[in-house]
Amino acid sequence: MVPDIPFDVYESPQELVIILPLGGVKKNSLEVKIEDYRVVIRGVREKIKMKASFSSLKEECYWGKIEKKIDLPPQVYFDKIHSKLSPENILEIIIPKSKIPDKISLEIEK
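Residues numbered from 1 in each chain as written. Predicted model: local features only at pLDDT ≥ 70, side-chain atom pairs only at ≥ 80, totals over all residues. Heavy atoms only, no water.

Enquirer: So what exactly am I meant to see when it comes to the pattern of salt bridges here?
Expert: Side chains that carry opposite charge are capable of pairing whenever their charged atoms lie near each other. Per the counting criterion, the structure on display carries 11 salt bridges. Here R38 ties to D71 by a salt bridge, and the two come within 2.8 Å at their closest N and O atoms. Taken together, the positions of R38 in strand β4 (residues 38–45) and D71 in strand β5 (residues 64–71) put the pair 33 residues apart, joining distant regions of the chain. Looking at R38, the relative accessible area reads 34%, which means it is partly exposed. Residue classification places D71 among the exposed residues on the basis of a relative accessible area of 57%. Put simply, E60 and K58 hold a salt bridge, and the shortest N to O gap is 3.1 Å. The exposure classification of E60 matches that of K58, with both residues exposed. Connected via shared salt-bridge partners are E31, K33, E35, R42 and E67. (Salt bridge = Lys/Arg side-chain N within 4 Å of Asp/Glu carboxyl O. Helix = DSSP H or I, 4+ residues; strand = E, 2+ residues; numbered from the N terminus. Buried < 20%, exposed > 50% of the residue type's maximum accessible area, 1.4 Å probe, protein only.)

Structure follows, in structure tokens:
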């Protein structure tokens, strides 16, 4: 079972920003793409190797494949979406919004 990954979404008049904390996920295993009006994030959270002399007392952390799909509104510039990963493994996805005019005048063809 793949765990749910928490995320935050912030909005300004110009863009949406999605923030995902991805502790334990290395950049080389991370994949971010757009599919069917969704941002899809996939990666692998690798378990830290412990010495053989250690035995587990408690395990709550999830290790393994991760995946998150986040729906996008249709009024965005899909070709201008970009992302960056901070040194603290926080993924930031920046989504520029397209402007929807209040009204548009159309010329009537003859």
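Enquirer: What should I look at first to understand the sheet that holds strand β2 (residues 15–21) in this one?
Expert: Within a sheet, adjacent strands bond to each other through the backbone by hydrogen bonds, running parallel or antiparallel. Reading across from one edge, β1-β2-β7-β6 is the order of the four strands in this open sheet, with antiparallel pairing throughout. The sheet is open, and its two borders are formed by β1 (8–11) and β6 (82–85), each paired with just one other strand. Averaged over all neighbouring strand pairs, the angle between strand axes comes to 15 degrees, with direction disregarded. In this sheet, β2 lies alongside β1 in antiparallel orientation, the contact comprising four bridges. (Pairing = 2+ DSSP bridges. Axes fitted to C-alpha atoms, helices over the stretch in contact; angles between N-to-C directions.)

Enquirer: When you look at the packing of aromatic side chains in this model, what are you seeing that I'm missing?
Expert: The description of an aromatic ring pair uses the distance of the two centres, along with the angle that the planes make with each other. This model, assessed by the stated rule, comprises one aromatic pair. On the numbers, 5.3 Å between centres and 80 degrees between planes, the contact of Y37 with F78 is edge-to-face. With Y37 in the loop between β3 (31–35) and β4 and F78 in the loop between β5 and β6, this pair connects stretches of sequence that are 41 residues apart. Look at Y37 and you get partly exposed, because its relative accessible area is 49%. Accessibility expressed as a relative area gives 29% for F78, which makes it partly exposed. Above the plane of the ring of Y77 lies K80, whose end atom (NZ or CZ) is 4.9 Å from the centre. (Phe/Tyr/Trp six-rings, centres within 6.5 Å; stacked < 30°, edge-to-face > 60°. Lys NZ or Arg CZ within 6 Å of the ring centre and 35° of its normal.)

Enquirer: Whenever I open this one, the layout of surface pockets confuses me. Can you help?
Expert: To find leftover empty space, a probe the size of one water molecule is rolled over the atoms. Taken as a whole, the largest pocket holds about 280 Å³ of empty space. Lining of the largest pocket is provided by K47, I48, M50, F54, S55, S56, L57, K58, E59, E60, C61 and W63. The residue makeup of the lining of the largest pocket, split by class, is six nonpolar, two polar and four charged. (1 Å grid on protein atoms, 1.4 Å probe; cavity = no way out; pocket = protein on both sides within 12 Å on 5 of 7 lines; lining within 4 Å. Points joined across faces, edges and corners; volume = space filled by probe spheres on them. Nonpolar A, V, L, I, M, F, W, Y, C, P; charged D, E, K, R; others polar.)

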